[in-house]
Structure formats: C-alpha cells, structure tokens
Amino acid sequence: MRMSGRLPAWVEYGLLPVLNLLAALLLSGVVVRIMGESPWAALKLMAAGAFGAQDSIGYTLFYSTNFIFTGLAVAVAYHAGLFNIGGEGQAYLGGLGAGLVGLACGGWPTWVVLPLGIAAAAAFGAGWAFVPAWLQARRGSHIVITTIMFNFIASALMTYLLVNVLINPGQQSPETRAFGPHASMPAVSDLLARLGITYAPSPLNVSTLLALAACFLVWVLIWKTPWGFAVRTAGRNPSAAVYAGISPARATIQAMLVSGALAGCLGVNELLGSQHRIVLDFPEGAGFVGIAVALMGRNHPAGIIVSALLFGALYQGGSQISFDMPRINRDMVVVIQGLVIVFCGALENMFRAPIAALFARARPPAAAPGGSPAVTPSR
Amino acid sequence: METYTALVLLLAATVRVATPLILAALGGLFSERAGVVDLGLEGKMLGAAFAAASVSAVTGSAWLGLAAGIGTAVFLALLIAIACVTYRGNQVVAAMAINIMVSGLAPSLGLAWFNLGGQTPQLERPGQRFAEIQWPWAKAAEHTRGLGFAYAQIVSGHSVLVYAAALLVPVVSWVVYRTRFGLRLRAVGENPQAVDTAGISVTALRYEASLISGVFCGIAGTYLSIAASAGFVRDMTAGKGYLALAALIFGKWRPYPTLAACLLFAFTDALAARLQGVALPGVGVVPVQFVQALPYVLTVLLLAGFVGEAIAPRAIGTPYSKEK
C-alpha cells in the first residue's frame, strides 16, 4: 500500500493520517448536516461524552483497549502481506477461551487464573486463525475469503454453544453463569481506591496495560527480531524471501497465529475485565474497527495506540451523543469508521501522490521519490 | 402427503431466499470476471435496500423504489471503482470501507428521516411493494394435491423480481460466453496486459463490470426491503452479500453453477428455519446453527481444494497499471 518510502517520517506518520482523518471527519460533518444537526455542536458533544467525566474517560480507554488488540492483529498480518478480516471471529473465540477458564477455574488463586485466562484467550484466537492461515500457506486458499467465512462460522458456533451448551440453566438469554470470583481483571477504579484515590467506576481494567505491553512486544517482534525480519521479507517479496532462506508459508502461518492471538485478547478485556460472563456477540464489530485503526495507525504500534484512542473516544462519545441529539447515535460512528478506511486505505494515494509530487519539486531531483512498486497485502 | 406438502413449502421458501443471492452473485460475476474483487456486494445490497424502502415509503411507488435502489447501488459501485481502478487502491480495503460505511449510514439516515429507530416505515399501501404475482389457475390449483399444489407454491406466487432473477441467469450466461463484451470481460480478468495490447481499455471494461454489478446488487437489495419484506430494518442483508460471494466462488465464477450454489445455500437456509426445534427420526434435534454454517464450511472446503477446485480469474485483486 506504499507508493514510495521516501516521504519524511513526519509526513508519512503525521501529516498524511491527519489529512485522511480530516477528510473523513469533513464528510461525516456533511452527513450530520444532511441529518439536520450542526456538525460542530455534534463534535463538541462527542468530545464531552468521551472525555468530559471520569467515568466517560474510563469507558473511552476501555473501548480503546479492544481496538488496540484488534488493530495490532490487523497490523501483524499486514506486515506478512496478509489481510486478516477475521479479527471479529478470532476475538469471539478468544473470549470463549478466556470464558472457559473463568467458568472452570474461577475459584483458583487470581495469580493463576488470570495468566491462564489470557493464555487461553490468545490460544483460542490463534487457533481460530490457524485454519485460514494453513489453508493460505499450504493450499493457496484466499485468506480474505476464508477469514470472512470463519467469522460466520465462529458466530454460528458461539450461538450454538451459548444457546445449547454453556447457557446458565433456568435462564432465557443465551449467556453463561457469572465467572468465579477470582477470574476478574482488577478494575482501575478499585486499584486507585486502594491507593486512596477515588475514581468513578467504569469497565476500565488492567487489560489496558496488557494492551500497551502487547504494543511494545509487537514493536520488538516485528522490527527487532530475526522473526520479524523474516515475516516482513516474506510479506514484501515472497520470492526474495525464499532466496534468503525464509519460508513464506511458515511466515504466513506464524504471523497469523500471532495476529489471531492478539485479536483473541479482546476477550480478556471484554469478558474477564467487564462482562464477567460469556454473552452473545460481545465483540460488537471491534474486529472491523481494527482494520480502520491499523490503517490509520500506519500499522505501527505507536500509531495504533493513537488511532485506537481516537476510535475509543468516537465510540464512547457516539453512545453519549444520542441523549442530546436524538437524531444521531452510534451508527454515525460506524460511518466515520468507514470513511476513515476509505481515506486511509482505499484512497490513500489521493493525498499521497500530490504531496509526494510537492516534495519532489521542493528537493533536488536526486532525492525525488523513487517509484518502487506498491506492495499490497492482496493475497 | 404431509412430507410432500412440507417439501413443496420448503422449495418455495428456497426460491424466495435464493433470489437476492442469485442477483448479487450474478452481479459479482461481472466484476470478479473483470478482475475486481467484489466484497462490496453486502454494502451495495444494504444501501439499495434502504434507498428502495425510503423512496417507496415517501413516493408510494415500488418502481421508483427500484430505481432508487439501483441508483444507490450503482453509485456505491462507482465509488469502489474510482478507488480501485482509477486510484489503484486495495480492492478488499475499498469494499470493506463501503460495507462498513453503509452499515452505519443506512440506519443513521433512517433515524434522521423517519425517526423510527433506524427503520423505514412499514409499507402497507398497495403499490408500495412488489406484490406476488398469481399465475393462471394458481388460485384453483392451490387446494389440489400433487403437481397443482407445487405449481401454485413454487412457480406461481412470487414477485416480479424473482422471475427477473431467474431470467437473468441465461441472459448473463449468454452475455459472458456469447458476446464480444463477454469475451473481453473474461480476458481482462485473466490477462489485462493482453487486452490492453489489443487496444481495448482495461479501465473502461472494469468500470463497466463494476457498474453492472451495482445494477444487480440494486435489484437484490430492493427485493429484500420492498418485495420480501415491507420496509428496511437495520442490518437487513445480514451477510447475504458474503454468502452470494461464497456462492459465486462455489459456482467457480460461472453462471449456471453459481445458480446451483445459490439454490443449495438457500435450501440449507430454508431448511434451517424449518428444522428449528424439530427432532428428526434417528438423529434427534439438529442444531440450526450447524445447518446455517454449512454454506461457509462448504466454501472453505472448496477453496482448500478438498471438494473440487476453485480457480479464480488470474488477475483478480491486482490493480492494472500500464507502466508495468
């Protein structure tokens, strides 16, 4: 998706994403205007809804945590030249893993249950990503299609399990009983209370720290280890990778395992951190938000943190705005999300080409951007 | 006799469920054969469903609704084509962007315009929907047994869009395999360089194919909201666009096998609805979710080469640039 690697970093990672975001917000403003509300007032209401109170900040960070996990999942696959649309299904299955630990071992000591729950979430997410990955690597099945199919299969499987197997007996809604008392990620407000700081309760929990740690680990893994080098090489140029002694098939499978594990960790934040039971359709589209987050964050952990924060704020602000503007609700945020993907992903050449031309003119010809062919994860 | 009645009703339901799948899959056939991945079927259908229901609710005319549905889907197809063909963006990303945007935009506009929580008003007046067409003698045959009953249920009693979908299959087959346009279409999906060398515009062909897909998705979406039901509801397509894409792959990008795949998938869907809570002799209650997941599992197995082999158009997913 990169036209040339020669743009200065502040343009590549700062100016372009901001321009793309502004274009998306501008168009969303037009939509809000069509709906008969003032875009400026809507923006202010959303900002207030996302950051205006202690608990709303908590919710914003809670949603951001989900989006960091799914954004990282998309990014890791991207570096291997793969487009993982299956984050939704992998997150759903990851929640199953975390939930089963919560149901079965909820009475065990916290320091055993929580690592076990995280490991199970990652393992289940990775497991769900393994089949499409293996099929792509060994049988050449298009991973975009198979991961979409696996989203639907995950949805059917989870509905079956929740309706027929895991449902709490004597209850109508398809959800499990509450987890055991120790299978709960400590809430940030409780931790602060222990330090003598009162903070309004919100679902924000220590999974956020896990997400930040995952960002750091992904950064190290992708850019500072031989494994990351192999994955990126295989993603950029599979035939060159073969000459370098790297197996593209193995890189594909391993990158997808990491990607699925990251998506699966959403289950830790959502279920062990907030719901404390397995409920129907808890990922609520976060897997797809991950696509927008990764594209806007330029597939870099630092960028992903920033754009996950933005989307967390949009989701929290979007659910608050309907109190003051009954014509607008969270669906509007989905529109913004789609527009961000349009401008950061599909139409990114629209801004990039003129800016690259501008820089080429400003600098001596020797430093002009070379036309290295675009590398797209379109396998 | 009871089994026969159940079977006839099941097949009638299959026809109704299959119609939007057939239309969308045929649309996707054009764009995918031209080398453009058509993940946007879902979004185009959803947009058309909303536009058709909105316009029909306001004007009271189902035909104006159809025009609005087609117009909306073609507009969305144009957006995807601009991003993918002109700006050579990633086709998967562009289509997902449209799908996500429409899934938010339709209920947003619905809420703002009709204030019904994102739905459109119920279409109750005559002419607002595509009514079911009764074929000659169908009314009399309905109470007979045997073939008369099947005729009344399966052949007769559908809206005009169902028959349109059935007619479009041979038409598409003829266009793709028997016309100059069809030959060029197939060529541009396999080897765009060769088409370009022959002095034919790759860009124009891919735009045409995308827009045709828009028309088909427009009819499919319209069918969902103002023929099969009486108004638009949130997330109305519910994955039917992806299911149509699966059927297209299952049909190996050819019209008649795609039709067969659509009918098969629709049959499993209708079966799942019928099997809800019914205990089969010897098997017990079959979980509905397993039947629902079947089309997706089958498609994955096919893609994996375990059941036959699905070979996509060779140039699919790669933007074409003359310079290379």
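Residues numbered from 1 in each chain as written. Chains lettered and ligands numbered in written order. Predicted model: local features only at pLDDT ≥ 70, side-chain atom pairs only at ≥ 80, totals over all residues.

Let's talk about the overall build of chain B
Along its length, chain B carries 13 helices and 2 strands. Relative to its length of 324 residues, chain B is compact, with a C-alpha radius of gyration of 20 Å against a globular reference of 20 Å. Seen along its three principal axes, the alpha-carbon backbone of chain B occupies a region of about 65 × 50 × 40 Å. Every one of the 324 residues in chain B was classed for burial, and the buried ones make up 55%. By sequence separation, contacts in chain B at least 24 residues apart represent 75% of the contacts at least 6 residues apart. (Helix = DSSP H or I, 4+ residues; strand = E, 2+ residues; numbered from the N terminus. Rg over C-alpha atoms; globule rule 2.2 N^0.38 Å. Buried ≥ 20, exposed ≤ 12 C-beta atoms within 10 Å, placed from the backbone. Contact = placed C-beta atoms within 7 Å.)

Some thoughts on the interface of chain A and chain B
Across the contact, 44 residues belong to chain A and 40 residues belong to chain B. At the level of secondary structure, the elements contributing two or more residues to the side of chain A that touches chain B comprise helix 5 (110–139), helix 6 (143–165), helix 13 (286–296), helix 15 (331–346) and helix 16 (348–362) of chain A. Here the residues of the side of chain A that touches chain B sort into 27 nonpolar, 13 polar and 4 charged. (Nonpolar A, V, L, I, M, F, W, Y, C, P; charged D, E, K, R; others polar.)

Quick notes on helix 3 (residues 62–86) of chain B
The terminal C-alpha atoms of helix 3 of chain B lie 34 Å apart, and with 25 residues this matches the ideal 36 Å at 1.5 Å per residue to within 8%. Where helix 3 of chain B ends, the next residue or the one after it, arginine 88 of chain B, has phi of about 50 degrees, a positive value. (Expected span 1.5 Å × (residues − 1).)

So, the nonpolar core
Core analysis: the biggest nonpolar cluster contains 233 residues, and Leu72, Cys265 and Ile341 of chain A together with Leu21 and Ala247 of chain B have the highest contact counts within it. Among residues more than four places away in sequence, those in contact with cysteine 265 of chain A are Phe69, Gly94, Ile118, Ala121, Ala122, Gly125, Leu210 and Ala214 of chain A. (Core = buried A, V, L, I, M, F, W, Y, C linked by C-beta atoms within 7 Å.)

So, helix 1 (residues 2–33) of chain B
It helps to recall that an α-helix has 3.6 residues per turn; residues three or four apart then point in one direction. All names here are of chain B. For helix 1, which comprises 32 residues, the first-to-last C-alpha distance of 44 Å matches the rise-based estimate of 46 Å (1.5 Å per residue) to within 8%. A maximum bend of about 35 degrees is found in helix 1 at alanine 18, where proline proline 20 lies one to four positions downstream. Phi for glycine 35, located one or two positions after helix 1, is positive at around 100 degrees. (Bend = angle between axes of the 7 residues up to and from the residue.)

Some words on the environment of glycine 89 of chain A
Residue and element names in this part refer to chain A. Along the chain, glycine 89 falls in helix 4 (residues 87–104). For glycine 89, a count of 28 C-beta atoms within 10 Å gives the class buried. Along the primary structure glycine 89 and glycine 285 are separated by 196 residues, whereas in three dimensions their C-alpha atoms are 9.7 Å apart. The residues touching glycine 89, leaving out its near neighbours within four places in the chain, are Trp128, Phe150, Asn151 and Ala154.

As for unusual backbone geometry
Residues and elements named next belong to chain B. In this structure, asparagine 115 takes a positive phi of about 55 degrees despite not being glycine. Within the element layout of this structure, asparagine 115 appears in the loop between helix 4 (91–114) and helix 5 (138–141). Looking at asparagine 115, the number of C-beta atoms within 10 Å reads 12, which means it is exposed. Backbone geometry at lysine 252 places phi at a positive 55 degrees, although glycine is not the residue there. For lysine 252, the position within the fold is in the loop between helix 11 (240–250) and helix 12 (255–275). Residue classification places lysine 252 among the partly exposed positions, given that 15 C-beta atoms sit within 10 Å.

Some details on the environment of glycine 117 of chain B
Structurally, glycine 117 of chain B can be placed in the loop between helix 4 and helix 5. Spatially, the C-alpha atom of glycine 117 of chain B lies 7.6 Å from that of proline 107 of chain B, the residues being 10 residues apart in sequence.

Topic: the packing of helix 4 of chain A against helix 13 of chain A
All names here are of chain A. Contact geometry for helix 4 and helix 13: axes closest at 7 Å, N-to-C directions at 130 degrees. Judged by the angle between their axes, helix 4 and helix 13 are oblique. As for the relative orientation of helix 4 and helix 13, their crossing is right-handed in sense. On the side of helix 4, the interface is formed by Gly87, Glu88 and Ala91, while helix 13 contributes Ala286, Gly287, Phe288 and Gly290. Within the contact of helix 4 with helix 13, the residues separate by chemical class into 3 nonpolar, 3 polar and 1 charged. (Axes fitted to C-alpha atoms, helices over the stretch in contact; angles between N-to-C directions. Parallel < 35°, antiparallel > 145°, perpendicular 65-115°, else oblique. Left-handed = near helix turned anticlockwise from the far one by under 90°.)

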